[in-house]
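As a plain string of letters, each chain reads:
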Amino acid sequence: MKISIQINEGPYQHQASDTAYQFAKAAIAKGHEIFRVFFYHDGVDNATRFTVPPQDDRHIVNNWASLDIKNAEGEPELVVCIAAALRRGLVDDSEAQKNGIEGNNIHPAFRISGLGQLIEAGIQSDRLVVFGD
Amino acid sequence: MKISIQINEGPYQHQASDTAYQFAKAAIAKGHEIFRVFFYHDGVDNATRFTVPPQDDRHIVNNWASLDIKNAEGEPELVVCIAAALRRGLVDDSEAQKNGIEGNNIHPAFRISGLGQLIEAGIQSDRLVVFGD
Amino acid sequence: MLHTVNKSVFERNSLQSCLNTIDDSSVILLIEDGVISAAKNTKSSLLADLAAEGRVFALQGDVEARGISSKVADNIKLVDYEGFVDLVVEHGTAVSWV
Amino acid sequence: MLHTVNKSVFERNSLQSCLNTIDDSSVILLIEDGVISAAKNTKSSLLADLAAEGRVFALQGDVEARGISSKVADNIKLVDYEGFVDLVVEHGTAVSWV
Amino acid sequence: MSTKKFMYLNRKAPYGTVYALESLEVVLIAAAFEQDVSLAFIDDGVYQIVEGQNTDGIGMKNFSKTFHALGDYDINQLYVSAESLEERGLSADDLMPLIYEDEDDDWAEKPSVKIVSNAELSKLMSDQDVCLSF
Amino acid sequence: MSTKKFMYLNRKAPYGTVYALESLEVVLIAAAFEQDVSLAFIDDGVYQIVEGQNTDGIGMKNFSKTFHALGDYDINQLYVSAESLEERGLSADDLMPLIYEDEDDDWAEKPSVKIVSNAELSKLMSDQDVCLSF
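Residues numbered from 1 in each chain as written. Chains lettered and ligands numbered in written order. Predicted model: local features only at pLDDT ≥ 70, side-chain atom pairs only at ≥ 80, totals over all residues. Heavy atoms only, no water.

Per an unreviewed UniProt entry, the recorded name for chain C is Sulfurtransferase complex subunit TusB, and the organism is Candidatus Thiodubiliella endoseptemdiera.

In the annotation of an unreviewed UniProt entry, the entry for chain A reads Sulfurtransferase complex subunit TusD, and the organism field reads Candidatus Thiodubiliella endoseptemdiera. Listed under Sequence similarities (unreviewed entry) in UniProt, the entry text for chain A is "Belongs to the DsrE/TusD family." (UniProt positions renumbered as here; feature names shortened; annotations may be inferred.)

Here it is as structure tokens:
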């Protein structure tokens with residue numbers, strides 16, 4: 001089955017991202033396809049490459065990256081909402097340049113795109129499951 | 001009176017940071033001293049210089065920076081908890097170097113320090129007010 | 001003491017928890033979504049006695065933002081952010097029921 | 001339908017809201033802090049009827065994390081993350097009471 | 001693309017958290033996808049469409065007027081829980097008069113907001129393919 | 001530095017949110033400042049000190065054992081709401097046996113956890129100079 005996931009909260013503050021990761025891993029193990037993971041609201045903060053958790057704790061960003069969820073064109077299907085990302089300071093090179101910001105913090109396993117990607121995930125997938133606060 | 005503030009949530013997702021900012025501005029207007037603002041939990045995300053809110057919306061990070069809260073030595077008293085910051089991907093040059101991260105995202109009006117700064121704020125201030133989810 | 005409550009009484013237990021442990025001289029300030037508890041509704045009775053004693057305040061900006069200015073329950077006093085600061089100064093230790 | 005509830009019945013209204021609108025064939029999965037509502041307590045009656053019909057599940061990892069394995073109310077079934085996936089597959093549209 | 005029934009489930013008050021605003025942003029984008037879109041306002045979500053919101057005092061953007069634009073995007077199924085309104089001491093008169101023009105009825109102006117019981121909401125929800133929660 | 005009475009107010013369950021863990025991190029740091037420190041566990045906060053937490057199944061760090069270290073840092077005033085326990089079907093026996101060694105009583109081991117009524121909690125809170133909420 002094709003399953004998509006929406007994540008509304010950032011890493012560590014809420015369990016939402018952890019639960020969604022465990023769910024995605026289990027779905028893949030059972031032979032399902034994760035069509036897309038869409039990071040919305042504070043969920044965009046799951047996509048930063050600046051995270052350094054304590055050594056004895058899980059690394060939520062790397063956990064997501066390790067699932068290596070990509071589409072047929074090889075693009076990441078860990079998708080970060082652009083509007084939510086800009087509001088909260090999660091940028092890639094392109095957005096940094098457009099907005100006069102020096103640097104970027106997006107992890108390469110994720111990509112930034114529009115909200116249409118969430119709707120599309122709802123249309124294309126057999127199931128969409130939301131994880132939030 | 002000496003007043004300190006603890007902020008537990010990031011910008012935009014919750015009103016906590018907005019309310020705390022309005023409270024701090026009003027306190028200053030009434031002649032009180034804001035001894036320290038301590039950003040903890042997701043509150044650390046208030047300190048990123050990467051934020052680009054929509055043009056018709058308030059810029060929460062710049063709002064805080066505009067209060068220009070400094071101590072007698074000219075250091076910012078907008079203090080970000082280091083443990084919480086590293087977990088969530090908010091870094092300055094020094095922490096980036098220590099942890100092998102290329103780049104930084106801290107806004108120059110803030111500084112990263114330890115949790116002891118929160119306890120010290122409680123000891124030194126006449127009041128400590130917490131804003132959260 | 002000053003107790004701040006920032007969530008709606010319909011969504012969370014924080015107002016009830018505050019009321020469970022509040023002492024006889026403390027006051028409550030409703031802020032953010034907490035002002036929803038200031039409106040006349042099926043749970044108004046929770047705050048009625050304290051409000052009658054003049055011990056319940058609500059942040060005016062938050063009341064207006066939620067469009068409930070005309071519905072604020074009797075005896076609940078509206079304050080602005082400067083009034084919030086005054087309450088913090090006057091009432092000593094501040095407890096936030098976040 | 002599958003309804004997930006991730007907050008404690010003591011803290012938030014989400015379980016009650018879910019129960020207000022759930023239809024006769026839907027099931028509920030308690031996850032994260034939602035598993036607190038799976039423990040025997042003063043609010044167990046809320047879920048008793050649905051549980052007796054075999055329509056209430058709780059995520060085992062979350063139950064164990066909170067140290068309440070021995071207190072899970074009668075008829076509430078424990079599942080792991082693979083069981084969570086199965087529930088999503090079997091029950092169609094998923095509604096999250098976040 | 002196939003047509004699916006999408007429901008946007010709104011249970012949070014505006015301003016205290018961003019969910020109401022960012023939910024509205026999704027709904028506006030969703031309009032372009034020509035799916036069957038409905039919005040449900042339950043619990044404190046009903047405050048999102050209360051008339052007379054004024055955010056001057058809190059320094060935040062008042063996005064409530066954007067709800068008036070939904071009709072122009074053919075989004076005209078806004079369901080409000082009667083029980084949620086009543087509990088909060090609110091009635092239909094307290095809500096914004098949101099309308100749309102019905103192209104099948106000579107563009108007559110009709111109300112977009114329907115107040116329904118929780119039992120009716122239950123049926124509506126059971127009928128959805130996708131439920132996005134905010 | 002002057003000595004103040006600090007209370008750490010814990011009202012959230014562990015793991016669902018980070019507040020419990022990060023509150024404990026503050027308390028451990030606070031020990032170095034030689035203030036009068038107490039912790040209150042109210043509402044779902046009581047689950048923070050329930051015995052037998054096992055996080056193997058959720059991939060998160062089990063930090064509950066850290067509470068046992070508090071005694072060594074002279075933090076031994078842990079107040080638990082009796083009403084909160086009762087409502088949740090919990091009793092004193094369900095809590096971790098947290099202890100400290102009383103240096104004024106020949107290092108006798110004593111319990112750090114005191115179960116108190118909400119009325120007693122109210123008095124304790126009124127006595128504080130600083131209340132940090134998590």
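Trainee: Sorry, what's going on with the overall build of chain A here?
Mentor: Secondary structure summary: chain A contains five helices and five strands in total. Beginning at the N terminus, the succession of helices and strands in chain A can be written as β-α-β-α-β-α-α-β-α-β. In terms of C-alpha radius of gyration, chain A reaches 14 Å, essentially the compact-globule figure of 14 Å for 133 residues. Counting all 133 residues of chain A, 73% fall into the buried class. Counted over contacts in chain A with a minimum sequence separation of 6, partners at least 24 positions apart contribute 77%. Total accessible area computed for chain A in this model is approximately 4,100 Å², and 43% of it derives from carbon and sulfur atoms. Each charge sign in chain A was given a centre, from 12 positive and 18 negative side chains, and these centres are 4 Å apart. (Helix = DSSP H or I, 4+ residues; strand = E, 2+ residues; numbered from the N terminus. Rg over C-alpha atoms; globule rule 2.2 N^0.38 Å. Buried < 20%, exposed > 50% of the residue type's maximum accessible area, 1.4 Å probe, protein only. Contact = heavy atoms within 4.5 Å. Areas by Shrake-Rupley, 256 points an atom, 1.4 Å probe, with all protein chains shown as cover. Lys, Arg positive; Asp, Glu negative; His and termini not counted. Charge placed at Lys NZ, Arg CZ, Asp CG, Glu CD.)

Trainee: Sorry if this is basic, but what is going on with the packing of aromatic side chains here?
Mentor: Taken as a whole, this structure holds 25 aromatic pairs over all chains when the rule is applied. Ring geometry for A:Phe39 against A:Trp64: centres 5.6 Å apart, planes inclined by 90°, an arrangement best described as edge-to-face. Linking A:Phe39 in strand 2 (residues 33-39) with A:Trp64 in helix 2 (residues 60-67), this pair joins segments that are 25 residues apart in sequence. A:Phe39 gets classed as buried once you look at its relative accessible area, which sits at 0%. By relative accessible area, A:Trp64 is classed as buried at 0%. The aromatic ring of E:Tyr19 is capped on one face by E:Lys12, whose charged end is 4.3 Å from the ring centroid. A cation over a ring is seen here: E:Arg88 above C:Phe10, with NZ or CZ 4.3 Å from the ring centre. (Phe/Tyr/Trp six-rings, centres within 6.5 Å; stacked < 30°, edge-to-face > 60°. Lys NZ or Arg CZ within 6 Å of the ring centre and 35° of its normal.)

Trainee: What's the story with the arrangement of the chains in this structure? I'm lost.
Mentor: Ranking the 14 pairs of chains in contact by contact count places chains A and B at the top. When C-alpha atoms are compared, chain E and chain F, though not in contact, are closest at a spacing of 17 Å.

Trainee: Honestly, the interface of chain B and chain A in this entry has me stumped. Any pointers?
Mentor: A common way to report how large an interface is uses the accessible area buried once the components associate. Listed as interface residues are 28 residues of chain B and, on the opposing side, 28 residues of chain A. Together, B:Gln13, B:Phe50 and B:Arg87 form the three largest contributors to the area buried by chain B at its contact with chain A, with a combined 32%. The interface formed by chain B and chain A holds zero salt bridges in total. Summed over the shared surface of chain B and chain A, the number is 12 residue pairs in polar contact (both at pLDDT 80 or more). Residue classes in the side of chain B that touches chain A are distributed as nine nonpolar, 10 polar and nine charged. (Buried area = accessible area lost by both parts, 1.4 Å probe. Salt bridge = Lys/Arg side-chain N within 4 Å of Asp/Glu carboxyl O. Polar contact = N/O pair within 3.5 Å; in protein donor to acceptor, adjacent residues only side chain to side chain. Nonpolar A, V, L, I, M, F, W, Y, C, P; charged D, E, K, R; others polar.)

Trainee: For this particular structure, what's the right way to read the packing of helix 1 (residues 16-29) of chain A against helix 4 (residues 81-90) of chain D?
Mentor: When two helices pack together, their arrangement is given by the angle between the helix axes and the distance between those axes. Viewed as axis vectors pointing N to C, helix 1 of chain A and helix 4 of chain D meet at an angle of 75°, and their least axial separation amounts to 8 Å. For the element pair helix 1 of chain A / helix 4 of chain D, the angle class is roughly perpendicular. Contact with helix 1 of chain A, carried on its side by A:Thr19, A:Gln22, A:Phe23, A:Ala26, A:Ala27 and A:Ala29, involves D:Tyr81, D:Glu82, D:Phe84, D:Val85 and D:Val88 of helix 4 of chain D and no other residues of that element. The residue inventory of the contact of helix 1 of chain A with helix 4 of chain D, partitioned by class, reads eight nonpolar, two polar and one charged. (Axes fitted to C-alpha atoms, helices over the stretch in contact; angles between N-to-C directions. Parallel < 35°, antiparallel > 145°, perpendicular 65-115°, else oblique.)

Trainee: Help me understand the nonpolar core in this model?
Mentor: A general trend in soluble globular proteins is that nonpolar side chains are found buried together. Core analysis: the biggest nonpolar cluster contains 263 residues, and A:Trp64, B:Trp64, E:Tyr8 and F:Tyr8 have the highest contact counts within it. When sequence neighbours within four positions are dropped, the list of residues in contact with A:Trp64 reads A:Ile7, A:Ser17, A:Ala20, A:Tyr21, A:Ala24, A:Val37, A:Phe39, A:Asn46, A:Leu78 and A:Phe110. Ranked by size, the runner-up nonpolar core spans 12 residues in total, among them A:Phe50, A:Val52, A:Val91 and B:Leu86. (Core = buried A, V, L, I, M, F, W, Y, C linked by side-chain atoms within 4.5 Å.)

Trainee: Is there a simple way to explain the interface of chain F and chain D in this structure?
Mentor: Taken together, the contacts link 22 residues of chain F with 18 residues of chain D. With both sides pooled, the region where chain F packs onto chain D buries about 1,500 Å², and carbon together with sulfur makes up 55% of that total. It is F:Tyr47, F:Ile58 and F:Glu87 that lose the most area in chain F upon contact with chain D, and together they represent 30% of the buried surface on that side. Summed over the shared surface of chain F and chain D, the number is one salt bridge. Viewed at the interface, chain D and chain F are joined by six residue pairs in polar contact (both at pLDDT 80 or more). Residues belonging to the side of chain F that touches chain D are distributed by class as follows: seven nonpolar, eight polar and seven charged.

Trainee: Looking at this structure, I do not really get the pattern of salt bridges. What am I missing?
Mentor: Per the stated rule, a full pass over the model turns up 58 salt bridges over all chains. Among the salt bridges present, the one from F:Lys61 reaches A:Asp56, with a minimum N-O distance of 3.3 Å. Taken together, the residues F:Lys61 in the loop between strand 2 (36-41) and strand 3 (78-81) and A:Asp56 in the loop between strand 2 and helix 2 connect one chain to another. In this structure A:Asp56 comes out as exposed when scored by relative accessible area, which is 54%. If you follow the salt bridges from partner to partner, you end up with A:Asp133, B:Asp133, C:Lys7, C:Glu11, C:Arg12, D:Lys7, D:Glu11 and D:Arg12 in one network.

Trainee: Got a minute to help me understand the relation of the copies chain B and chain A in this structure?
Mentor: One copy of the chain maps onto the other through a rotation about an axis followed by a shift along the same axis. Superposition of chain B onto chain A requires a rotation of 180° combined with a translation of 0.0 Å along the rotation axis, giving an RMSD of 0.0 Å. The superposition of one copy onto the other is thereby described by a two-fold rotation axis. Closest to the rotation axis within chain B is the C-alpha of B:Gly103, separated from it by 3.1 Å. By residue overlap, the copies meet face to face through one surface: 100% of the interface positions of chain B are interface positions in chain A. (Least-squares fit on C-alpha atoms with pLDDT ≥ 70 in both.)

Trainee: Looking at this model, I keep getting lost on the sheet that holds strand 3 (residues 78-81) of chain B. Mind explaining?
Mentor: Backbone hydrogen bonds hold the strands of a sheet together, and the pairing may be parallel or antiparallel. Residue and element names in this part refer to chain B. Taken in spatial order, the five strands of this open sheet run 4-3-2-1-5, and their pairing is parallel. Lying at the two open borders of the sheet, with one neighbouring strand each, are strand 4 (111-113) and strand 5 (127-131). Sheet twist, expressed as the mean angle between neighbouring strand axes with direction ignored, is 25°. Here strand 1 (residues 2-7) pairs with strand 2 (residues 33-39) via six bridges, running parallel. Residue pairing for strand 2: Ile-5 is matched across the bridge by Val-37. Each of strand 1, strand 2 and strand 5 is contacted by helix 1 (residues 16-29), which is oriented at about 170° to strand 1, the strand it contacts most. (Pairing = 2+ DSSP bridges.)

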